[in-house]
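# Summary of the model geometry
Each chain, written out:
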Amino acid sequence: MHIGTTLTNFIIETQRQFEGATGEFTGLLNDIAVACKKISDLVNKGDLVGVLGTAGSENIQGEQQKKLDIISNEIFIEALAHNGHVAALASEEMDEVHHLSDHAPRGKYLVLFDPLDGSSNIDVNVSVGTIFSILKAPPGVKNPVREDFLKPGTEQVAAGYCLYGPSTMMVLTTGRGTNMFTLDRDFGEFLLTHSNVQIPEDTQEFAINTSNMRFWEPPVKRYIDECLAGRDGPRGKDFNMRWIASMVAEVHRILTRGGIFMYPMDTKIQAKGQGGKLRLMYEANPMGFIIEQAGGAATTGRARIMSLNPEDIHQRVPVVLGSRNEVERITRYHHG
Ligand SMILES: O=P(O)(O)OC[C@H]1O[C@](O)(COP(=O)(O)O)[C@@H](O)[C@@H]1O
Ligand SMILES: [Mg+2]
Ligand SMILES: [Mg+2]
């Protein structure tokens, strides 16, 4: 597909390759694009439209919700729940599965989403984003339930994120490579700017929240120590570090120039009885699909993320993703 193609035409072309395609998938991705454009506009205007700051409520994760967490969630529901492309929705900001109103037409898909990723950055004007994962809905079921969403990442039909940074970009995979589109605000369209993105297999750049170092497991400690030892150490090369605290921005950097991103299991997380910091269904699985389709890898440190059998829509998992050879090295360290 040629650079400059609109997202809509790109999806229509992609759909042509699927036998029996009805156009419903194109419709769904257009709904998602509309929602992301609206969120991008609000993020961009920030205080001018009074959307910054906390909402004074907590989500099921026990996190203080930002106003934009809730507003973005509502924009997504409004854009997706009425056009007959989905059967149900699930989100970081909603405890339970969101069922459509009785008279709303039902569609073939389920969507899980993180309406605003990187929430701790929203008030300090640092890049944030939206992450989404698309699954097939059980045929003929009017109101799919939680169990209908609990499919391994390998069953995703598509996944993507929209990054609200200096420019707004939509990154998408339908299982045929990973492509990037940039929003032309004048034109109001996402245009293809990077097709079939490939992540370098090796890297000298890692991203991890080092303030958690004292809680890390030995394999992670060893890996980071070796990176920090630089060219005089066992790796024989110097490493750089980055931490933006927005998973979307970290993943985007890695898709653009390689690298490794880690939010591993640690004793602090274990002490809280949690399985990790990041959520499997609307953070780790969609990002795993995007990264793998760009030639990278995504594991928990021990197992491929997309092969996990989910137990809950808000389940948390350890995440290690990025340049294939580095992810494989850390996974080897975990297997001793
Ligand atoms: O606050 P920390 O420990 O740096 O964690 C940052 C991580 O938490 C997140 O903000 C969690 O996502 P949400 O903002 O959607 O809750 C990730 O985007 C980011 O990678
Ligand atoms: Mg998030
Ligand atoms: Mg979020």
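Note that this is a predicted model, so its numbers are computed, not measured. (Residues numbered from 1 in each chain as written. Chains lettered and ligands numbered in written order. Predicted model: local features only at pLDDT ≥ 70, side-chain atom pairs only at ≥ 80, totals over all residues. Heavy atoms only, no water.)

### Examining the domain arrangement of the chain
Applied cut-off: Source of the domain bounds: an automatic or database domain assignment. Residue contacts follow a heavy-atom distance rule, with two residues in contact if any of their heavy atoms lie within 4.5 Å. Using a 1.4 Å probe, buried area is obtained as the accessible area two parts lose upon being combined, added over both of them. One speaks of a salt bridge when a side-chain nitrogen belonging to Lys or Arg is within 4 Å of a carboxyl oxygen belonging to Asp or Glu.
As far as domains go, the chain holds domain 1 (7-194) and domain 2 (205-335). At the interface, 47 residues of domain 1 touch 32 residues of domain 2. When domain 1 packs against domain 2, the two sides together hide about 2,900 Å² of surface, and 62% of this comes from carbon and sulfur. Applying the counting criterion to the domain 1 and domain 2 interface returns three salt bridges.

### Some points on the coordination of the magnesium ion (ligand 2)
The criterion, for reference: As a rule, N, O and S atoms within 2.8 Å of a metal are its donors, except that Na, K and Ca use 3.2 Å; water is not among the atoms, so sites may look incomplete. Runs of H or I in DSSP of at least four residues are treated as helices and runs of E of at least two as strands, each being numbered from the N terminus. The classification of residues rests on relative accessible area computed with a 1.4 Å probe and restricted to protein chains. Under 20% of the type maximum is buried, over 50% is exposed, and intermediate values are partly exposed.
Asp 114 (OD), Asp 117 (OD) and Glu 283 (OE) make up the full set of protein donors to the magnesium ion (ligand 2), lying at 1.8 to 2.0 Å. The distance between the magnesium ion (ligand 2) and the magnesium ion (ligand 3) is 3.6 Å, with Asp 114 acting as a donor to both metals. Note that Asp 114 is positioned in strand 5 (residues 109-117) and Glu 283 in helix 8 (residues 280-293), a separation of 169 residues in sequence. Across the pair, exposure class does not vary: Asp 114 and Glu 283 are buried alike.

### Considering the coordination of the magnesium ion (ligand 3)
Around the magnesium ion (ligand 3), the protein contributes the donor atoms Glu 92 (OE), Asp 114 (OD) and Leu 116 (O), which lie 2.0 to 2.2 Å from the metal centre. Written as a sequence motif, the donor residues of the magnesium ion (ligand 3) are E-x21-D-x1-L. Glu 92 gets classed as buried once you look at its relative accessible area, which sits at 3%. A relative accessible area of 0% means that Asp 114 is categorised as buried.

### Looking at the sheet that holds strand 8 (residues 168-173)
What counts is decided by this rule: Pairs of strands are assigned from DSSP output, requiring at least two bridges between the strands. For helices, the axis comes from a line fit to the C-alpha atoms of the stretch in contact; other axes are also lines fit to C-alpha atoms, and the angle between any two N-to-C directions lies between 0 and 180 degrees.
The strand order across the open sheet formed by eight strands is 4-3-5-6-7-8-9-10, and the pairing between neighbours is mixed. Sheet topology places strand 4 (98-99) and strand 10 (189-194) at the edges, where each strand pairs with a single neighbour. Pairing geometry for strand 9 (residues 178-184) and strand 10, over five bridges, is antiparallel. By the bridge assignment, Leu 183 is partnered in strand 10 with Phe 190. On top of the sheet, helix 1 (residues 7-16) reaches strand 8, strand 9 and strand 10; it is set at about 70° to strand 10, its chief contact. Contacts from helix 3 (residues 67-80) reach strand 3 (86-91), strand 4, strand 5 and strand 6 (128-136), with the element oriented near 155° to strand 5.

### Quick look at the environment of Val 124
With respect to the secondary-structure elements, Val 124 resides in the loop between strand 5 and strand 6. Residue classification places Val 124 among the exposed positions, given a relative accessible area of 54%. Separated by 71 residues in sequence, Val 124 and Gly 53 place their C-alpha atoms 10.0 Å apart.

### Let's talk about the pattern of salt bridges
Scanning the entire structure with this criterion turns up 18 salt bridges. Ionic pairing is found between Glu 92 and Arg 279, a salt bridge with its closest N-O pair at 3.2 Å. Of this pair, Glu 92 sits in the loop between strand 3 and strand 4 while Arg 279 sits in strand 14 (residues 278-279), and the two are 187 residues apart along the sequence. For the pair Glu 92 and Arg 279, one class covers both residues: buried. For Arg 257, the salt bridge is made with Glu 205, and the minimal N-O distance between the two is 2.9 Å. Note that Arg 257 is positioned in helix 6 (residues 247-257) and Glu 205 in strand 11 (residues 205-207), a separation of 52 residues in sequence. On the accessibility criterion, Glu 205 (9% relative accessible area) is buried. By sharing partners, the salt bridges in this structure join Glu 63, Glu 92, Arg 279 and Glu 283 into a single network.

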